[in-house]
Amino acid sequence: MSVPDRRDLIADAAISTVATAGLRGLTHRAVDAAAGLPAGSTSYYFRTRSALINACYLRLAELSVADVDRWAADQGGPDLDSAAGALAALLHHWLTAARERQLARFELSLEATRRPELRADLQTAGDAARSRAVALLAALGAPRPVPAADLLVAWTDGLLYDRLAGALAATRPLPEVTELTTVVRRMLEAALST
């Protein structure tokens with residue numbers, strides 16, 4: 001495993017900061033501390049707070065696409081059962097090991113609704129994952145893979161939000177992969193019939 005470059009290290013620390021302290025806690029100084037870097041390191045690479053937020057979007061997209069690509073490679077053949085099992089495993093990963101990244105993504109997405117200058121990087125980040133959903137659904141035989149992918153992405157985002165930040169998130173146990181596989185299979189079947 002390679003050592004992350006300084007920009008990635010800073011972006012990862014910024015994502016962690018957003019997940020734990022919210023956007024109010026995202027300062028250059030806080031990111032320096034979280035990354036274990038000397039004071040001023042973050043501002044050297046990302047001069048403004050907007051540049052730091054954009055770095056978060058792009059890094060989140062890079063990590064999410066890498067997760068999706070690993071998931072696609074593990075999926076096996078392009079059949080509904082394989083796809084449901086693999087996507088359920090991916091969602092479980094995002095709900096557990098990559099939980100912090102998802103929380104930061106939700107926080108950053110809300111910020112982009114209030115700050116138009118941030119929307120372009122948010123869209124770039126979302127387009128990469130969405131294109132992979134289109135490819136999956138096309139491989140599964142969706143007659144209209146683009147609108148089907150829009151639904152699948154919305155459903156998976158809704159599930160992630162509900163289980164990580166929704167009203168019952170603190171009291172409801174995280175779903176097991178088997179439960180997620182059942183839910184994902186239903187989502188895929190519905191998306192394929194769109």
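Note that the structure is a prediction, hence the values are computed from the model and not measured. Per-chain numbering applies: the sequence of each chain, read as written, is numbered from 1 onward. Note on the predicted model: pLDDT of at least 70 is required for a residue's local features to be given, and 80 or more for side-chain atom pairs to be given and counted; whole-chain, interface and lining totals, by contrast, use all residues. Remark: hydrogens and water are excluded; side-chain values derive from all non-hydrogen atoms of the structure.

Caption draft 1: Seen up close, the layout of surface pockets. Empty space within the largest pocket amounts to approximately 670 Å³. Only protein atoms enter the 1 Å grid used here, on which a cavity is any set of points holding a 1.4 Å probe that cannot leave and a pocket is any open set flanked by protein within 12 Å on both sides along at least five of seven lines; residues with an atom within 4 Å of a point are listed as lining. As for the largest pocket, its lining consists of 29 residues, and the residues nearest its centre are Arg105, Gly126, Ala129, Val153 and Asp157. At the level of elements, α4 (49-74), α5 (80-95), α6 (99-114), α7 (119-139) and α8 (145-164) are the ones that each hand at least two residues to the lining of the largest pocket. Strands here are runs of E lasting at least two residues and helices are runs of H or I lasting at least four, both read from the DSSP assignment and numbered beginning at the N terminus. When residues of the lining of the largest pocket are assigned to their parent elements, the largest contribution, ten residues, is made by α7. Note on residue classes: Ala, Val, Leu, Ile, Met, Phe, Trp, Tyr, Cys and Pro are nonpolar, Asp, Glu, Lys and Arg are charged, and everything else, Gly too, is polar. Looking at the lining of the largest pocket residue by residue, the class counts come to 18 nonpolar, six polar and five charged. Grid points are joined across faces, edges and corners, and a volume is the space filled by probe spheres set on the points.

Caption draft 2: Local environment of the environment of Val183. By secondary structure assignment, the location of Val183 is in helix α9 (residues 177-192). Assessed through its relative accessible area of 27%, Val183 is described here as partly exposed. C-alpha separation for the pair Val183 and Ser50, spaced 133 residues apart in sequence, amounts to 37 Å. Here the term buried applies to any residue with accessible area under 20% of the maximum for its type, exposed to any over 50%, and partly exposed to those in between, with areas from a 1.4 Å probe on protein chains only.

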